[in-house]
Amino acid sequence: SGPRVVFLPAGSYRITRTLRMAELLGVGLIGEDPATTRLVWDGPAAGIMLEVAGMAYSRINRLAFDGRRRASV
């Protein structure tokens, strides 16, 4: 099978808990355009928007991460 891709069209996507990508090979999380495709944090203060572990041959691209000055780095 080929690469697996999650494509996010233009828009703002509200997230309230950590997105986790772990133990993955050959996956993509791709937005339409970083100027128009945003992940917006609406979880607890100092929360983590994205956790990545054990990934290879994968990419996260063309997204804007808006932590709203509340998400942790």
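Keep in mind the model is a prediction, meaning the values are calculated, not measured.

Cut-off values and rules
Each chain has its residues counted from 1, following the order in which its sequence is written. Local features in this predicted model are restricted to residues of pLDDT 70 or higher, and side-chain atom pairs are both shown and tallied only at a pLDDT of 80 or more, whereas totals for entire chains, interfaces and linings draw on every residue. Each side-chain value is worked out from all heavy atoms of the structure, with water and hydrogens disregarded. Joining through side-chain atoms within 4.5 Å is the link that ties buried Ala, Val, Leu, Ile, Met, Phe, Trp, Tyr and Cys residues into a set, and such a set is a nonpolar core. Three labels apply to residues, based on accessible area from a 1.4 Å probe with only protein chains included: buried if under 20% of the type maximum, exposed if over 50%, partly exposed otherwise in between. Helical segments are the DSSP runs of H or I of at least four residues, strand segments are the runs of E of at least two, and each set is numbered from the N terminus. What makes two residues a contact is simply this: any of their non-hydrogen atoms within 4.5 Å. For patches, a residue must show more than 30% relative accessible area and have no salt bridge; joins then use 9 Å for like charges and 5 Å for nonpolar side chains, namely Val, Leu, Ile, Met, Phe, Trp and Tyr. All accessibility values rest on the Shrake-Rupley procedure with a 1.4 Å probe; residue burial counts only the protein chains present in the view. What makes a salt bridge here is a side-chain nitrogen of Lys or Arg within 4 Å of a carboxyl oxygen of Asp or Glu, nothing more. Being paired, for any two strands, means DSSP has found at least two bridges between them. Axes, fitted as lines to C-alpha atoms, cover a helix only where it is in contact. Angles between the N-to-C directions of the axes lie from 0 to 180 degrees.

(A) Structural detail: the nonpolar core. The biggest cluster of nonpolar side chains holds 9 residues, and these are Leu8, Ile15, Met21, Val27, Leu29, Leu39, Trp41, Met49 and Leu63. Of all the secondary-structure elements, those providing two or more residues to this core are strand S4 (27-31) and strand S5 (37-41). Setting aside chain neighbours within four positions, we find leucine 8 in contact with Tyr13, Leu29, Ile30, Gly31, Glu32, Thr37, Leu39 and Leu63.

(B) Focus on a nonpolar patch on the surface. Nonpolar side chains collect at one region of the surface, where Val52, Ile60 and Phe65 lie side by side and expose about 230 Å² of accessible area between them. Looking at the secondary structure, you find valine 52 in strand S6 (residues 50-53). Accessibility expressed as a relative area gives 44% for valine 52, which makes it partly exposed.

(C) Main features of the sheet that holds S5. Reading across the sheet, the 3 strands line up as S2-S5-S8 and stay open at both edges, with parallel pairing between neighbours. Of all strands in the sheet, those with a lone pairing partner are strand S2 (11-15) and strand S8 (64-66), marking the two edges. Between one strand and the next, the sheet's axes are offset by a mean angle of 25°, whatever the strand orientation. When S2 meets S5, the two strands line up parallel, connected through 5 bridges. Bridging across to S5, tyrosine 13 finds its partner in leucine 39.

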